[in-house]
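Understanding the architecture of this molecule
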Amino acid sequence: MTAALAKHLERHRLLPETQRQYQRIAARLDGEHPVHWLNRKVNARTPIGTVLPLRAAVKHILLSEGYTLQDIEAMLPKAKGRPAKERNALSLKQLALFYAAADEVHEPVRTLLLILPRTGLRISEACNLHRNNIVQKQGHWGVQFRGKRDKQRFVPLNRPARTAMKSYFDRNPVQSWVFKGRGNGPIGPAAVRKVCRQLRVRHPELGKFTPHTLRHTFATHALRSGMDLRTLQALMGHESIDTTSRYLHPDAEMLSTAIEAME
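So, a few notes on the structure that sits alongside this text.

Conventions and cut-offs
Residues numbered from 1 in each chain as written. Predicted model: local features only at pLDDT ≥ 70, side-chain atom pairs only at ≥ 80, totals over all residues. Heavy atoms only, no water. Helix = DSSP H or I, 4+ residues; strand = E, 2+ residues; numbered from the N terminus. Areas by Shrake-Rupley, 256 points an atom, 1.4 Å probe, with all protein chains shown as cover. Buried < 20%, exposed > 50% of the residue type's maximum accessible area, 1.4 Å probe, protein only. Contact = heavy atoms within 4.5 Å. Core = buried A, V, L, I, M, F, W, Y, C linked by side-chain atoms within 4.5 Å. Patch = residues over 30% accessible without salt bridge, like charges linked within 9 Å, V, L, I, M, F, W, Y side chains within 5 Å. Salt bridge = Lys/Arg side-chain N within 4 Å of Asp/Glu carboxyl O. Lys, Arg positive; Asp, Glu negative; His and termini not counted. Charge placed at Lys NZ, Arg CZ, Asp CG, Glu CD. Pairing = 2+ DSSP bridges. Axes fitted to C-alpha atoms, helices over the stretch in contact; angles between N-to-C directions. Phe/Tyr/Trp six-rings, centres within 6.5 Å; stacked < 30°, edge-to-face > 60°. Expected span 1.5 Å × (residues − 1).

**Considering the overall build of the chain**
A tally of helices and strands in the chain yields 14 helices and three strands. For the chain, the accessible area works out to roughly 14800 Å², and carbon and sulfur atoms hold 52% of it.

Given below as structure tokens:
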């Protein structure tokens, strides 16, 4: 099943990190039928944020085994589970502290961390940026790439992000992967998450942030600045606007400001 699944995932051009994640999930089945295994996870009240990628992985596993999409949708349980904990974005004060802390980190993680809250990129998308993904469209510099579900997306770089990238390119001439790892390939998300854990220890005032928290921070501050949902949906690369809206719970500072404005 692993070889068939690997060919299937490659054919569907899923992100490398997504392919690895689905293969890890397939290995956890240990001979059990994928649908029975998924049902156990759903019935165990697994958090919905975990159930969704498990369900997506099982769907691809079954497709690689020759099942039709219609049969699969009839077989799979509905995506339900324990609601995920609210994922707080970094406040404006925390964000300023984060930028200062990220400046202490070695390259290429330093620049990668500096652009995540300014672009809303998924960590896997940022890690897999190629030099050819840095483009200029209608006079605006940004990154253009194929993200989740192989959809092409253009995300402009604001002035601080452009400055960070230019400084990085000046010191590190890039011919292939923008953020190279130790070998010939790109740096992996696990290496970035490890640095985030180290920063959390050194700077507890930042809270339990992760690379995904930085994506969430981008969405929250976009809401604060008045960006409309459709524009944010395009920038985040969400297929459904309902997915975008899940990122947009007002933070404590916004709620406090709204209450004070009523007085």
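Let's pick the thread back up.
**As for helix H7 (residues 109–119)**
A large share of H7 lies buried, amounting to eleven of its eleven residues. Those residues of H7 lying buried are Val109, Arg110, Thr111, Leu112, Leu113, Leu114, Ile115, Leu116, Pro117, Arg118 and Thr119. Elements that come into contact with the buried residues of H7 comprise helix H6 (92–102), helix H8 (123–127), strand E3 (152–156), helix H9 (159–171), helix H10 (189–202) and helix H11 (211–224). Just past H7, the residue Gly120 takes up positive phi, approximately 75 degrees.

**Focus on the nonpolar core**
Ranked by internal contacts, the top residues of the largest apolar core, which has 45 residues, are Phe98, Leu112, Leu113 and Phe179. For this core, the elements supplying multiple residues, two or more each, are H6, H7, H8, strand E2 (140–146), H9, H10, H11 and helix H12 (229–236). Element by element, the count of residues in this core is highest for H7, at six residues. Apart from the residues lying within four places of it in its own chain, the contact partners of Leu113 are Phe98, Ala102, Val192, Val195, Cys196, Leu199 and Leu214. Formed by 19 residues, the second largest nonpolar core is a distinct cluster that contains Val35, Trp37, Ile61 and Leu76.

**So, a positive patch on the surface**
Together, Arg182, Arg193, Lys194 and Arg197 give the surface a local cluster of positive charge. Residue position: Arg193 is located in helix H10.

**Some words on the pairing of strand E1 (residues 134–137)**
When E1 meets E2, the two strands line up antiparallel, connected through four bridges. If you follow Gln136 over to E2, its bridge partner there is Trp141.

**Here's the deal with the sheet that holds E2**
Strand order in the open sheet formed by three strands is E1-E2-E3, and the pairing between neighbours is antiparallel. A single partner strand is all that each edge strand has here, and the edge strands are E1 and E3. Taking each pair of neighbouring strands and ignoring which way they run, the sheet shows an average axis angle of 40 degrees.

**Some points on the pairing of E3**
Burial along E3 is one-sided: the face carrying Arg153 and Val155 is buried and the face carrying Gln152, Phe154 and Pro156 is not. Two strands pair when backbone bridges link them, and E2 and E3 are joined in this way by five bridges, in the antiparallel orientation. Across the sheet, the residue bridging to Gln144 is Phe154, located in E3.

**A word on the packing of aromatic side chains**
Per the stated rule, a full pass over the model turns up four aromatic pairs. Aromatic pair Tyr168 and Phe169: ring centres 5.9 Å apart, planes at 50 degrees, arrangement tilted. By relative accessible area, which is 4% here, Tyr168 ends up buried. Ring centres of Tyr168 and Phe179 lie 5.5 Å apart, and the angle between their planes is 40 degrees; on these two criteria the pair is classed as tilted. Taken together, the positions of Tyr168 in helix H9 and Phe179 in the loop between H9 and H10 put the pair eleven residues apart, joining distant regions of the chain.

**Quick notes on the side chain of Gln19**
The topology assignment puts Gln19 in helix H2 (residues 16–28). For Gln19, a relative accessible area of 12% corresponds to the buried category. Not counting residues up to four positions away in its chain, the partners in contact with Gln19 are Leu9, Glu10 and Leu14.

**A word on H10**
In an α-helix, one full turn covers 3.6 residues, which means residues spaced three or four apart are oriented alike. Taking 1.5 Å of rise per residue, 14 residues should cover 20 Å, and H10 covers 20 Å from first to last C-alpha, within 8% of that figure. Residues of H10 that are buried in the fold lie against H2, H6, H7, H8 and H11.

**Quick look at unusual backbone geometry**
With an omega of 5 degrees, the peptide bond between Glu107 and Pro108 qualifies as cis. Mapped onto the elements of the fold, Pro108 is located in the loop between H6 and H7. You will see that Asp30, though not glycine, has its phi angle at about 50 degrees, which is positive. As for its placement among the helices and strands, Asp30 is situated in the loop between H2 and helix H3 (34–43).

These figures come from the coordinates and say nothing about function on their own.
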